[in-house]
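# Topology and contacts: notes
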Amino acid sequence: SFTDPAVSMDLLRAVLQPSINEEIRGVFNKYMKFFQKAAINVRDNVGEEVDPEQLIQETCRSCLEQAKLLFSDGKKVVSRLPHEQAVPKRARQMDEELNRRGSPIPKKRKGRPPGQSLLNDRGVSGMAAWKLKVSEPVRRDGPKWDPSRLTETTTFVLGSRANKALGMGGTRGRLYIKHPHLFKYAADPQDKHWLAEQQHMRATGGKMAYLLLEEDIRDLAASEDYRDSVDLRLEELKPFVPPAWMTEKMQKQMETLRGGGDAPPPEAPPE
């Protein structure tokens, strides 16, 4: 019934987006060791005030921005980050050449100490736990991954609100990176329509929206990592009970993920 080609294509994209996101995450995990080593070196050279995790996330976002060049029509120019505006012409040419070649690793500079890029003792202690979360396969077992815990009275929260409640409001997606073992459900267009109608979120169009169990977030808030944080804002959670048809979809997705499968694309709205 849609006559606008852009609307039709965006509906298809929304259906495929969760699967695409999972594959993109796999690509970044493949190169994460390079980002980790570089971020630790930066911290060691600049000082302890540098947050390696934040550097890594900014680098990943920059990679995605540069990847847009692969689909450029030759007319539209991809916006650059502020620090890239002043990059000399030769440096930009080298960056574009690397993009064309598809090389993820820049050439080594002469005279660099052989052990400079390796993890040192300071880096290992500071990043060990975070590195394990990124590199190791995500475990989806135990009582928290039992679909029977999702009932018609189970309360959920938006991922954006959970980030704010745990003091991560300034960094989108940080919660999912730090705690990849949490169950999160990607809302499909039908789900987002209901969420917007109930005023749990604004109508976001093609933007992603994740739902998490309120119980899981409160368990995190009570853990050693968060309970003494001055940034804890549990009043931001605003929990709600989704309709039975949405809970059923979440049960199916949890069962699939627990069995080692990939997250299925969102189901189409019923007739």
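That block above? That's the structure.
Residues numbered from 1 in each chain as written. Predicted model: local features only at pLDDT ≥ 70, side-chain atom pairs only at ≥ 80, totals over all residues. Heavy atoms only, no water.

### Regarding the packing of aromatic side chains
- Across all of its chains, the model carries four aromatic pairs by this definition.
- For the ring pair Trp-145 and Phe-183, a centre distance of 5.6 Å and an interplane angle of 85° mean the geometry is edge-to-face. With a gap of 38 residues between them, Trp-145 in the loop between helix 4 (121-135) and strand 1 (156-158) and Phe-183 in the loop between helix 6 (174-178) and strand 2 (184-186) connect regions that are remote in the sequence.
- Its relative accessible area of 4% is what places Trp-145 among the buried residues.
- A residue is classified by how much of its surface remains accessible, and Phe-183, at 1% relative accessible area, is buried.
- On the numbers, 6.2 Å between centres and 50° between planes, the contact of Trp-194 with Phe-240 is tilted. Taken as a pair, Trp-194 in helix 7 (residues 189-197) and Phe-240 in the loop between helix 8 (214-221) and helix 9 (244-258) lie far apart in primary sequence, 46 residues in all. The two residues Trp-194 and Phe-240 agree in class, both being buried.
- The ring centre of Tyr-210 lies 5.5 Å from the NZ or CZ of Lys-184, which sits over that ring. (Phe/Tyr/Trp six-rings, centres within 6.5 Å; stacked < 30°, edge-to-face > 60°. Helix = DSSP H or I, 4+ residues; strand = E, 2+ residues; numbered from the N terminus. Buried < 20%, exposed > 50% of the residue type's maximum accessible area, 1.4 Å probe, protein only. Lys NZ or Arg CZ within 6 Å of the ring centre and 35° of its normal.)

This is a description of form; function is not addressed.
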